[in-house]
Amino acid sequence: MWRFGSLLKGASCLLPFREARSFRHFSVFLVRHSPVWSASAQSSPTCLRSPHPSVLLSFCRSFRKNAKSTLDIPVTPITVTDIKQYLRSKEIPFHDGYSCLHAPSFFLEPAEAAGRDGFTLFIDKTTGQFLCKETLVEGSWEDLQDCVEVMRKEGRSCLSPDVLLGYPESPEEQEVKEMELREVQRIWSASVSFSDLPDEEAQLVRTMFGIDKVSNATLKRFGVRFFKPTKSLVFPWFGGRDSGLRGLKLLTAKCAGDGAVTYADATLPKPSAYHNLFGLPLVGRKDSEVVLTGREVDALAVSQATGLPSLTLPRGVSCLPPVLLPYLEQFKRVTLWLGGDINSWEASKIFSRKLGLKRCSLVRPGELQPCPSEALERGRSLSRILKASIPAAHKSIVSFRQLRDDVYGELANKELVAGVKWSRFPELNKILKGHRKGELTVFTGPTGSGKTTFISEFALDLCIQGVNTLWGSFEINNVRLAKIMLTQFCMQRLEDNLEQYDAWADKFEDLPLYFMTFHGQQSMKTVLDTMHHAVYLYDISHVVIDNLQFMMGQENLSVDKFAVQDQIIGAFRKFATHSSCHVTLIIHPRKEEDDKELQTASIFGTAKASQEADNVLILQEKKLVTVPGRRSLQIAKNRFDGDVGIFPLEFNKSSLTFSAPLKGRNKLRKVKGDKPDATETEEKVEKAEKVEKPARAAKTPKTEKGLVRVGAKGVLEGSAKGSAGVGEKKQQTVFEEVIKTK
Ligand SMILES: Nc1ncnc2c1ncn2[C@@H]1O[C@H](COP(=O)(O)OP(=O)(O)OP(=O)(O)O)[C@@H](O)[C@H]1O
């Protein structure tokens with residue numbers, strides 16, 4: 001099969017159609033002004049033979065960004081060996097780097113390339129994604145192969161950097177982009193440099209942002225300005241082929257009533273497109289050491305105090321997008337000093353795997369080792385702290401001496417160690433304490449009892465708070481699942497309020513939420529490969545698998561099905577631990593008698609599932625609760641601190657939610673031990689329900705209230721620190737303010 005490849009500028013040829021999935025990359029090869037494509041694709045995309053659906057969708061307004069959050073993983077993931085073999089077979093020289101392979105760029109004219117470093121094409125070893133650092137041409141592994149094929153076919157030694165274009169933008173998207181750029185320019189030119197501020201005001205601003213000791217010279221070197229209308233620090237993003245202003249980040253300080261200061265950041269463009277490594281223009285080609293920080297003010301502190309190159313990750317501790325890795329390849333030593341709390345420590349361990357453990361060392365947070373800006377304020381020696389950083393490459397056997405600081409960290413940060421709290425399920429916080437990375441949760445419940453619906457809200461709640469989430473829904477398709485989640489997100493029937501669809505979908509789209517594109521039976525290997533890929537690309541920290549039975553394939557029918565299930569559970573356990581990612585696994589129960597409650601032992605298969613799991617959650621439908629439709633959630637195992645218990649859930653059919661609309665509505669009963677007394681539980685639940693019913697009926701908010709509650713509590717008011725999703729919402733509020741002050 002062939003696909004039309006009139007896509008390289010000045011070249012018209014047919015490219016072999018390697019795999020159906022390649023169509024996904026088809027539009028990357030659009031030639032600017034290509035009349036053939038623009039006319040045919042836009043008016044009738046179906047003119048392509050068997051195009052990949054996502055190509056068609058990318059032209060359809062209502063689905064325009066679906067492709068972005070859908071994890072379309074290659075059927076056979078690329079490995080570094082494949083990449084190397086291909087390059088060798090095409091006689092392309094390469095060096096083995098830390099996260100990337102380095103090859104000569106074929107987007108530079110030979111004469112142009114001669115004056116440069118030479119190996120400026122960076123190919124990500126995990127994904128095959130490439131970037132030419134000189135021309136900033138980037139694309140997928142398939143794109144790279146296509147470029148090589150075309151060069152070979154046409155006998156060229158290089159290609160124009162303009163041959164590859166991104167997905168065509170809709171007029172709407174272009175307009176948003178232009179508006180953003182205008183806003184960036186407006187804020188930037190209305191901002192003042194510190195040396196232009198009256199001394200008193202400059203000092204006040206410094207105090208407000210905790211940078212008293214950062215000099216005007218440092219602020220000037222990094223291009224930091226102050227935007228008076230919102231009293232924000234402005235950090236510019238310079239980049240692109242012309243090194244022009246591409247965006248900016250605003251950091252705003254807010255004083256709470258009790259005198260505490262909280263900081264909110266906002267970026268333009270929005271966080272998912274904001275790929276600024278703040279400080280990059282100051283890095284010299286020969287620099288071989290760098291300090292990575294989680295906040296811009298920290299980079300200022302490190303640079304001033306140590307003279308070392310220092311860069312800030314655009315979204316702090318929430319992720320390290322692989323597109324930034326090529327810019328970090330030149331460094332032989334990378335020190336991660338992402339902040340002063342346990343979250344920064346966890347993130348630095350995870351990021352160092354992407355960066356290559358051997359060259360990374362980590363600053364362990366502690367009383368004497370706060371974040372860099374605080375260390376500078378407190379007069380600590382930043383060089384000494386950096387010197388004391390710990391190599392990231394760990395040994396398999398450690399003594400308590402090496403662990404003692406970790407143990408202390410856990411004790412001193414009890415709340416953070418307990419994980420992210422649910423905002424819709426306070427009872428879960430009381431029993432499980434929070435949602436922690438690296439754990440395995442097994443969830444079961446009777447057939448059709450609402451397992452998917454409940455876990456959807458359970459995961460959404462965390463996702464709203466910035467937990468990067470990946471769904472593997474093999475039972476129901478992604479459109480249906482997204483519909484359930486969107487309904488739960490806005491807490492109302494959108495069918496009856498279609499005019500609100502776009503507003504809610506826009507908000508929903510900004511969540512760090514991804515879906516696997518599989519449906520039906522899947523091999524465990526494919527699913528695990530996808531999960532690894534997602535962790536690498538999007539720093540996923542919660543994977544939901546609905547459900548295990550869909551991975552048992554043909555073996556499901558054989559006598560050895562229990563062994564297969566155990567093997568799958570073991571693999572998920574390993575993945576969760578090694579990837580520091582929480583896995584929630586839905587498992588069907590064994591067939592139980594109808595009037596019996598489920599127990600841990602009711603989980604289908606052997607005892608492996610409950611042994612390997614850190615948490616076992618059971619959606620109880622029968623016996624415990626006699627009111628039809630009423631369910632209870634039983635926490636039957638909690639490895640973190642042993643508390644188990646059960647609490648009632650009330651299903652709201654219009655919003656598809658189980659969460660209590662009002663605080664303190666459901667009574668919680670803590671049970672120590674795995675098997676609560678069913679009769680007692682039922683009685684208590686019933687009693688609690690009866691007593692509280694009238695009050696609840698009177699207090700249940702209308703759907704608009706639900707909208708305000710979710711939007712305000714879960715989305716708009718969260719702290720921007722360490723949370724991508726929340727950070728994005730902050731952006732809206734800050735820029736709304738900016739616009740208001742215009
Ligand atoms: N508590 C409830 N009361 C009434 N209906 C519910 C309740 N919870 C979910 N439902 C509805 O029941 C249907 C099935 O729900 P869901 O798919 O979540 O169940 P499940 O347990 O995942 O099913 P399966 O066992 O097939 O995997 C959906 O239409 C859902 O809206």
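To be clear, the structure that these remarks concern was listed above.
Keep in mind that this is a model prediction, so the values were computed, not measured. (Residues numbered from 1 in each chain as written. Predicted model: local features only at pLDDT ≥ 70, side-chain atom pairs only at ≥ 80, totals over all residues. Heavy atoms only, no water.)

## Observations regarding the environment of P104
Inference 1: Topologically, P104 is positioned in the loop between β5 (100–103) and α5 (110–114).
Inference 2: Owing to a relative accessible area of 27%, P104 belongs among the partly exposed residues under this scheme.
Inference 3: Linking P104 and L121, residues 17 residues apart in sequence, is a C-alpha distance of 5.6 Å.
Inference 4: When sequence neighbours within four positions are dropped, the list of residues in contact with P104 reads I92, P93, G118, F119, T120 and L121. (Helix = DSSP H or I, 4+ residues; strand = E, 2+ residues; numbered from the N terminus. Buried < 20%, exposed > 50% of the residue type's maximum accessible area, 1.4 Å probe, protein only. Contact = heavy atoms within 4.5 Å.)

## Re the site of the ligand
Inference 1: Residues in contact with the ligand amount to 15 residues; listed here are only the nearest, G448, K451, T452, T453 and E475.
Inference 2: Here K451 contributes a side-chain N or O atom positioned 2.9 Å from an oxygen atom of the ligand.
Inference 3: For the ligand, a nitrogen atom lies 3.5 Å from a polar atom in the side chain of R631.
Inference 4: Take the shell around the ligand: its biggest share by element is three residues, from helix α17 (residues 451–464).
Inference 5: Split by residue class, the shell around the ligand holds four nonpolar, eight polar and three charged. (Near = heavy atom within 4 Å. Polar contact = N/O pair within 3.5 Å; in protein donor to acceptor, adjacent residues only side chain to side chain. Nonpolar A, V, L, I, M, F, W, Y, C, P; charged D, E, K, R; others polar.)

## Some remarks on the packing of helix α20 (residues 524–538) against helix α21 (residues 561–579)
Inference 1: Orientation of α20 relative to α21, taken along the N-to-C sense of each, is 10°, at an axis distance of 11 Å. Judged by the angle between their axes, α20 and α21 are roughly parallel. Between α20 and α21, the residues in contact are M524, V527, L528, M531, H532 and V535 and Q567, I568, A571, F572, F575 and S579, respectively.
Inference 2: Split by residue class, the contact of α20 with α21 holds nine nonpolar, three polar and no charged. (Axes fitted to C-alpha atoms, helices over the stretch in contact; angles between N-to-C directions. Parallel < 35°, antiparallel > 145°, perpendicular 65-115°, else oblique.)

## Brief notes about empty space enclosed by the protein
Inference 1: Applying the stated rule across the entire model yields three cavities of 30 Å³ or more.
Inference 2: Quantified by volume, the second largest cavity comes out at close to 40 Å³.
Inference 3: For the second largest cavity, the full set of lining residues is S193, F194, S195, N216, L219, K220 and V224.
Inference 4: The element contributing the most residues to the lining of the second largest cavity is helix α9 (residues 216–221), with three residues.
Inference 5: Class assignment for the residues of the lining of the second largest cavity results in three nonpolar, three polar and one charged. (1 Å grid on protein atoms, 1.4 Å probe; cavity = no way out; pocket = protein on both sides within 12 Å on 5 of 7 lines; lining within 4 Å. Points joined across faces, edges and corners; volume = space filled by probe spheres on them.)

## With respect to the environment of K433
Inference 1: Mapped onto the fold, K433 is located in the loop between α16 (426–432) and β19 (440–444).
Inference 2: The sequence separation of K433 and A418 amounts to 15 residues, and the corresponding C-alpha distance is 5.6 Å.
Inference 3: Beyond its immediate sequence surroundings of up to four residues, K433 is in contact with A418, K421, L428, F640, D641 and D643.

## Some details on the nonpolar core
Inference 1: Core analysis: the biggest nonpolar cluster contains 38 residues, and L428, F454, W471 and L633 have the highest contact counts within it.
Inference 2: Going through the elements one at a time, α16, α17, α18 (478–490), α19 (501–509), β21 (513–516), β24 (615–620), β25 (631–638) and β26 (644–649) are the ones with two or more residues in this core.
Inference 3: Ranked by the residues each element gives to this core, the list is headed by α17, at eight residues.
Inference 4: Setting aside residues no more than four positions away along its own chain, L633 makes contact with L428, F443, F454, L617, I618, L619, G645, I646, F647 and L649.
Inference 5: Judged by nonpolar contacts, the second largest core, of 36 residues, contains L528, M531, A534 and V535. (Core = buried A, V, L, I, M, F, W, Y, C linked by side-chain atoms within 4.5 Å.)

## Some details on the side chain of T452
Inference 1: Assignment of secondary structure puts T452 in helix α17.
Inference 2: At a separation of 2.7 Å, a polar atom in the side chain of T452 contacts the side chain of D546.
Inference 3: Those residues in contact with T452, other than ones at most four positions away along the chain, are W471, E475, I476, L481 and D546.

## Quick word on the pattern of salt bridges
Inference 1: All told, the structure shown has 23 salt bridges when counted by the stated rule.
Inference 2: Its salt-bridge partner being E346, residue K349 comes within 3.7 Å of it at the nearest N-O pair. Here the residue K349 and the residue E346 both occupy positions in helix α11 (residues 342–355), the gap between them amounting to three residues, near one helical turn.
Inference 3: The exposure class assigned to K349 is partly exposed, which follows from its relative accessible area of 30%.
Inference 4: Using a relative accessible area of 25% as the deciding quantity, one classes E346 as partly exposed. (Salt bridge = Lys/Arg side-chain N within 4 Å of Asp/Glu carboxyl O.)

## Here we look at the sheet that holds strand β18 (residues 390–391)
Across a sheet, strands are paired by hydrogen bonds formed along the backbone, either parallel or antiparallel in direction.
Inference 1: Pairing is mixed across the open sheet formed by five strands, whose spatial order is β15-β14-β16-β17-β18. Two strands bound the open sheet, and with one partner strand each, they are β15 (310–312) and β18.
Inference 2: Strand direction decides the pairing type here: strand β16 (residues 333–337) and strand β17 (residues 360–362), joined by three bridges, are parallel. Its bridge partner being in β17, T335 is matched across the sheet by S361.
Inference 3: Lying on the sheet, helix α10 (residues 296–306) is in contact with β14 (289–293), β15 and β16; it crosses β15 at an angle near 175°.
Inference 4: Of the strands in this sheet, β14, β16, β17 and β18 are in contact with α11, which crosses β17 at around 175°. (Pairing = 2+ DSSP bridges.)

## Brief notes about the packing of aromatic side chains
Inference 1: Counting across every chain of the model gives 17 aromatic pairs.
Inference 2: For the ring pair W188 and F238, a centre distance of 6.0 Å and an interplane angle of 80° mean the geometry is edge-to-face. Taken together, the residues span a long stretch of sequence, with W188 in helix α7 (residues 171–190) and F238 in strand β11 (residues 232–239) at a distance of 50 residues.
Inference 3: Among the residues examined, F238 registers a relative accessible area of 35% and is labelled partly exposed.
Inference 4: The structure contains a cluster of three or more aromatic residues connected by ring pairs, namely W422, F425, F443, F454, F458, F651 and F658.
Inference 5: Positioned above the aromatic ring of Y536 is the side chain of K354, whose terminal nitrogen or guanidinium carbon lies 5.5 Å from the ring centre.
Inference 6: The ring centre of F640 lies 3.9 Å from the NZ or CZ of R436, which sits over that ring. (Phe/Tyr/Trp six-rings, centres within 6.5 Å; stacked < 30°, edge-to-face > 60°. Lys NZ or Arg CZ within 6 Å of the ring centre and 35° of its normal.)

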